[in-house]
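Structure at a glance
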Amino acid sequence: MEKREELYAGKAKSVYKTDNPDRFILEFRDDTSAFDGEKKEQLSRKGMVNNKFNAFVMEKLEAAGVPTHFEGLLSSTESIVKKLDMIPVECVVRNISAGSLCRRIGVEEGLELTPSTYELFLKNDALHDPMVNESLAVSFGWASAAELERMKQLTYQVNDVLKALFDDAGMLLVDYKLEFGRSGGEIVLGDEFSPDGCRIWDKETRKKMDKDRFRQGLGDVIETYEEVGRRLGIQFD
Ligand code: TMP
Ligand code: ASP
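Residues numbered from 1 in each chain as written. Chains lettered and ligands numbered in written order. Predicted model: local features only at pLDDT ≥ 70, side-chain atom pairs only at ≥ 80, totals over all residues. Heavy atoms only, no water.

The next subject is the site of ligand 1. The environment of ligand 1 is made up of 14 residues, and the closest members are Glu 90, Arg 94, Ser 100, Asp 129 and Asp 175. Contacts to ligand 1 include Arg 199, whose side-chain N or O atom sits 2.9 Å from an oxygen atom. Burial of ligand 1 by the protein chains amounts to 85% of its free accessible area of 450 Å². Where the shell around ligand 1 is concerned, the elements lending two or more residues are strand S8 (85-96), helix H2 (99-105), strand S11 (171-183) and strand S13 (198-202). Here the residues of the shell around ligand 1 are counted per class, giving 3 nonpolar, 3 polar and 8 charged. (Near = heavy atom within 4 Å. Polar contact = N/O pair within 3.5 Å; in protein donor to acceptor, adjacent residues only side chain to side chain. Areas by Shrake-Rupley, 256 points an atom, 1.4 Å probe, with all protein chains shown as cover. Helix = DSSP H or I, 4+ residues; strand = E, 2+ residues; numbered from the N terminus. Nonpolar A, V, L, I, M, F, W, Y, C, P; charged D, E, K, R; others polar.)

Here you go:
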């Protein structure tokens, strides 16, 4: 596959065109960002770790029947993905209270949420990803009601698969964010799944093992991402 011009550079990943109009190359960089780009750093090995982490999770999800854009690894920091028409809405499921939920409604961190909560956020850094809902998404034409229903169903299906996967490896999947797009009339999981876009705690000690280590300056960010991966059985370089 021939790598062509860069189409888009996000805060941590870049997207490249290829000689196949239906395939892109997703490059995972070492750039790390938090608070919508306010805190930025380069963390060595992060691109490789997140690329391999994402490949492992996307393959598990595909195997469980979740359609994903992931096609395969191209190099240690690049993957081949399907071209999607992205929907600018982030889907968040929470199993345990943390992060913006605690700030927004004044609850303590660590409360078990039953049933798991589901929230939508508009992908817009300048506005700090404001919370939205299905009604706004339909009225502004971001997605149809049927597409939003499918996104919700898939986001909860991902929860069933990944909660069990992390639990078996001694970890709690606290919350996570997914992004979807359209391909051939179908809703398909896009973007990535890595410790950058979810919260993972050790089951026994509740040690934070995700990007909160970077956000909160807890140290050992990539070492801990690799520990999560190793527990799941992922081999890094
Ligand atoms: P929050 O607590 O900041 O709302 O985030 C909930 C989860 O979703 C957390 O695991 C981080 C992830 N997330 C992102 O990765 N990017 C985003 O832009 C948002 C809104 C959430
Ligand atoms: N992903 C967003 C950023 O990079 C939000 C965050 O993780 O805090 O800025």
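The subject of this paragraph is the environment of Val 49. Within the secondary structure layout, Val 49 lies in helix H1 (residues 46-63). C-alpha of Val 49 to C-alpha of Glu 226: the two residues are 177 residues apart in sequence and 6.8 Å apart in space. For Val 49, the residues in contact, after removing those within four places along its chain, are Ile 222, Tyr 225, Glu 226 and Phe 236. (Contact = heavy atoms within 4.5 Å.)

Lining the immediate surroundings of ligand 2 are Lys 11, Ser 33, Ala 34, Phe 35, Asp 36, Gly 37, Lys 211 and Arg 215. A distance of 2.4 Å is found between an oxygen atom of ligand 2 and a side-chain nitrogen or oxygen belonging to Ser 33. Gly 37 is positioned with one of its backbone polar atoms (N or O) 2.9 Å from an oxygen atom of ligand 2. Contact with the protein chains covers 76% of the free accessible surface of ligand 2, which is 260 Å². Here the residues of the shell around ligand 2 sort into 2 nonpolar, 2 polar and 4 charged.

The next subject is the pairing of strand S5 (residues 39-42). In this structure, strand S4 (residues 31-34) lies alongside S5, joined through 4 bridges in antiparallel fashion. Bridge pairing in S5 places Ala 34 opposite Lys 39. Linking S4 to S5, which pair antiparallel, is a turn of 4 residues; within it Phe 35 sits at a positive phi near 55°. (Pairing = 2+ DSSP bridges.)

Before going further, it helps to spend a moment on the environment of Val 107. For Val 107, the location among the structural elements is in the loop between H2 and strand S9 (112-122). Given the relative accessible area of 27%, Val 107 is considered partly exposed. In the structure, Val 107 is positioned 55 residues away from Lys 52 in sequence and 35 Å away in space, judged by C-alpha atoms. Ignoring anything within four residues of it in the chain, the contact list for Val 107 reads Ser 97, Leu 101 and Cys 102. (Buried < 20%, exposed > 50% of the residue type's maximum accessible area, 1.4 Å probe, protein only.)

So, about the side chain of Lys 52. Within the element layout of this structure, Lys 52 appears in helix H1. Judged by relative accessible area, which is 14%, Lys 52 ranks as buried. The residues touching Lys 52, leaving out its near neighbours within four places in the chain, are Ser 76, Ile 234, Gln 235, Phe 236 and Asp 237.

With that settled, the discussion passes to the layout of surface pockets. The probe, sized like a water molecule, is rolled over the atoms to show the empty space still left. Roughly 200 Å³ of volume is contained in the second largest pocket. Around the second largest pocket, the lining residues are Asn 95, Ile 96, Glu 112, Leu 113, Thr 114, Ser 116, Lys 163, Asp 167, Met 171, Leu 172, Leu 173 and Arg 206. Sorting the residues of the lining of the second largest pocket by element identifies S8, S9, helix H4 (145-168) and S11 as the ones contributing at least two each. It is S9 that provides the largest number of residues to the lining of the second largest pocket, a total of 4 residues. Within the lining of the second largest pocket, the residues separate by chemical class into 5 nonpolar, 3 polar and 4 charged. (1 Å grid on protein atoms, 1.4 Å probe; cavity = no way out; pocket = protein on both sides within 12 Å on 5 of 7 lines; lining within 4 Å. Points joined across faces, edges and corners; volume = space filled by probe spheres on them.)

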